[in-house]
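Working through the structure, step by step
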Amino acid sequence: MARLRLAILISGRGSNMRTLLAACRSGVVAADPCLVLSNRAEAPGLALAEAAGVPTRTIPHRDFGERTAFDAALDRALREAGAEFVCLAGFMRLLTRDFIEAWRDRMINIHPSLLPAFPGLDTHRRALAAGVKFAGCTVHFVRFETDTGPIIAQAVVPVLGSDDEARLAARVLEAEHRLYPLALGLVAAGKVWVEGERAVVEGVTQPTQMLLNPTG
Ligand code: GRF
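Calculation rules
Just so you know, the residues in each chain are numbered from 1, in the order the chain's sequence is written. Totals for whole chains, interfaces and linings use every residue, but because this is a predicted model, local features are given only for residues with pLDDT of at least 70 and side-chain atom pairs only at 80 or more, for both listing and counting. Only hydrogens and water are set aside; all other atoms, that is, all heavy atoms of the structure, feed into the side-chain values. Secondary structure is summarised from DSSP: a helix means a run of H or I of at least four residues, a strand means a run of E of at least two, and numbering begins at the N terminus for each. Put simply, the radius of gyration uses C-alpha atoms, and a globule should come to 2.2 Å times the residue count raised to 0.38. Any residue under 20% of the maximum accessible area for its type is buried, any over 50% is exposed, and the rest in between are partly exposed; the area is computed with a 1.4 Å probe on protein chains only. Here, residues are in contact when the closest pair of their heavy atoms is within 4.5 Å. All accessible areas in this document rest on Shrake-Rupley with a 1.4 Å probe, and a residue is counted as covered only by the protein chains that are shown. The charge count includes Lys and Arg as positive and Asp and Glu as negative, but it does not include His or the ends of the chains. For charged residues, the charge sits on one atom: NZ in Lys, CZ in Arg, CG in Asp, CD in Glu. When a carboxyl oxygen of Asp or Glu lies within 4 Å of a side-chain nitrogen of Lys or Arg, that pair is called a salt bridge. Definition of nearness: a residue and a molecule or strand are near each other if at least one heavy atom of the residue lies within 4 Å of the molecule or strand. Identification of polar contacts relies on pairs of N or O atoms within 3.5 Å, with a donor-acceptor requirement for protein atoms, meaning one able to donate a hydrogen and the other able to accept it, and with residues adjacent in sequence counted only if both atoms are side-chain atoms. Classes in brief: Ala, Val, Leu, Ile, Met, Phe, Trp, Tyr, Cys and Pro nonpolar; Asp, Glu, Lys and Arg charged; the others, Gly included, polar. Only when DSSP finds a minimum of two bridges between them are two strands counted as paired. Note on geometry: axes are C-alpha line fits, over the in-contact stretch for helices, and angles between N-to-C directions span 0 to 180 degrees. With respect to orientation, any angle under 35 degrees is reported as roughly parallel, any angle over 145 as roughly antiparallel, any angle of 65 to 115 as roughly perpendicular, and every other angle as oblique. Working rule for handedness: look at the near helix, and if it is turned counterclockwise from the far one by less than a right angle, call the crossing left-handed; if clockwise, right-handed.

1. A look at the overall build of the chain
Regarding its fold elements, the chain presents six helices and nine strands. The C-alpha atoms of the chain give 17 Å as radius of gyration, which agrees with the globular expectation for 216 residues (17 Å, within 12%). Projecting the C-alpha coordinates of the chain onto the three principal axes gives extents of approximately 55 × 40 × 35 Å. Expressed as a percentage of its 216 residues, the buried residues of the chain come to 44%. Contacts in the chain between residues at least 24 apart in sequence constitute 62% of all its contacts with a sequence separation of at least 6. Approximately 11,200 Å² of the chain is accessible, and the part contributed by carbon and sulfur atoms is 54%. Each charge sign in the chain was given a centre, from 24 positive and 23 negative side chains, and these centres are 3 Å apart.

This is the structure we're talking about:
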């Protein structure tokens, strides 16, 4: 199979982007990063991408009056770079319906919760407030409603009695860094497709063990 030409959209730190770039470089993911694009010039992730030798671009959303104009510029930049597939990795802009449709089933996102629980912002604070005993992260195809779309993969971590937002976020982020390359690797290998708004994942191993929290 040909390698996917991949663009990654970021707004900040870029730690997920970095794990995706590393997985492409090591061959774990059959994709060639062709662009890292940020809507914020000060995103620390841009320097990481440059250090990894990946072309970067900044398109500041503030330069555009309307979301549609910003999204049109994004779309142009992606096509100019020859991108075939897009990973959102901490990209903090809501996208228009037209843009999402143009990249339908060719754009995925990672969200730091077990979707459909806790979509949107302040995920970890809301998970702690709800008292859930497991948290985690989800990689999914992108649809119009925030943090919805066919689920490709999820990782589960326990919520501990001693957790605060930062501790829980750090535990989930570690899971994100394993899950996102795994999910993208499956997509790039042609093992994932969408059927009736559910992602079908083929040729993978799955867990059989139950997890309890507390354990006794
Ligand atoms: C991650 O927690 C991701 O799940 C969420 O935004 C955060 C981005 O972190 N969408 P980073 O920029 O990848 O370090």
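There is more to say, and it comes next.
2. Quick word on the environment of alanine 188
For alanine 188, the location among the structural elements is in helix H6 (residues 165–188). The spatial distance from the C-alpha of alanine 188 to the C-alpha of alanine 2 is 8.8 Å, given a sequence separation of 186 residues.

3. Some thoughts on the pattern of salt bridges
Tallied over the full model, the rule gives 11 salt bridges. Close ionic contact of aspartate 75 with arginine 79 constitutes a salt bridge, the shortest N to O distance being 2.8 Å. On the criterion of helical spacing, the pair formed by aspartate 75 and arginine 79 is a turn pair, its members being four residues apart in helix H3 (residues 67–80). Linking arginine 143 and glutamate 197 is a salt bridge whose minimum nitrogen-to-oxygen distance equals 2.7 Å. Separated by 54 residues along the polypeptide, arginine 143 in the loop between strand S6 (134–141) and strand S7 (151–158) and glutamate 197 in the loop between strand S8 (192–195) and strand S9 (198–201) bring together distant segments of the chain.

4. Here's the deal with the site of the ligand
As a matter of local geometry, the ligand sits amid Arg13, Gly14, Ser15, Asn16, Gly90, Ile110, Pro112 and Glu176. Separating an oxygen atom of the ligand from a backbone N or O atom of asparagine 16 is a distance of 2.9 Å. One of the backbone nitrogen or oxygen atoms of isoleucine 110 is found 3.1 Å away from a nitrogen atom of the ligand. For the ligand, whose accessible area on its own is 370 Å², the fraction buried by protein is 84%. In terms of residue class, the shell around the ligand is built from two nonpolar, four polar and two charged.

5. Some points on the pairing of strand S4 (residues 85–88)
Side chains Phe85 and Cys87 of S4 all project onto a buried face; the interleaved residues Val86 and Leu88 project onto the opposite face, where all are buried too. The pairing of strand S1 (residues 4–10) with S4 spans four bridges and is parallel. Bridging from a neighbouring strand, leucine 9 pairs with leucine 88 of S4. In this sheet, strand S5 (residues 107–111) lies alongside S4 in parallel orientation, the contact comprising three bridges. By the bridge assignment for S5, valine 86 is matched with methionine 107.

6. Looking at the sheet that holds S1
Strand pairing in a sheet is mediated by backbone hydrogen bonds. Such pairs are either parallel or antiparallel. Here seven strands make up an open sheet; going across it, the order is S3-S2-S1-S4-S5-S6-S7 and the pairing mixed. In this open sheet, the two strands that pair with only one neighbour each are strand S3 (56–58) and S7. Sheet twist, expressed as the mean angle between neighbouring strand axes with direction ignored, is 20 degrees. Bridge count between S6 and S7: seven bridges; the pairing is antiparallel. Of the residues in S7, the one forming a bridge with cysteine 137 is alanine 155. Packing of H3 onto the sheet brings it into contact with S1, strand S2 (31–38), S3 and S4, and relative to S2 it is tilted by some 150 degrees.

7. Focus on the packing of helix H5 (residues 123–130) against H6
Contact pair H5 / H6: the axes reach a minimum separation of 9 Å and the direction vectors enclose 110 degrees. It follows that H5 is roughly perpendicular to H6 by the angle criterion. Seen along the crossing, H5 lies across H6 with a hand that is right-handed. Two secondary-structure elements touch here, H5 through His124, Arg125, Ala127 and Leu128 and H6 through Glu165, Leu168, Ala169 and Val172. Partitioned by chemical class, the residues of the contact of H5 with H6 number five nonpolar, one polar and two charged.

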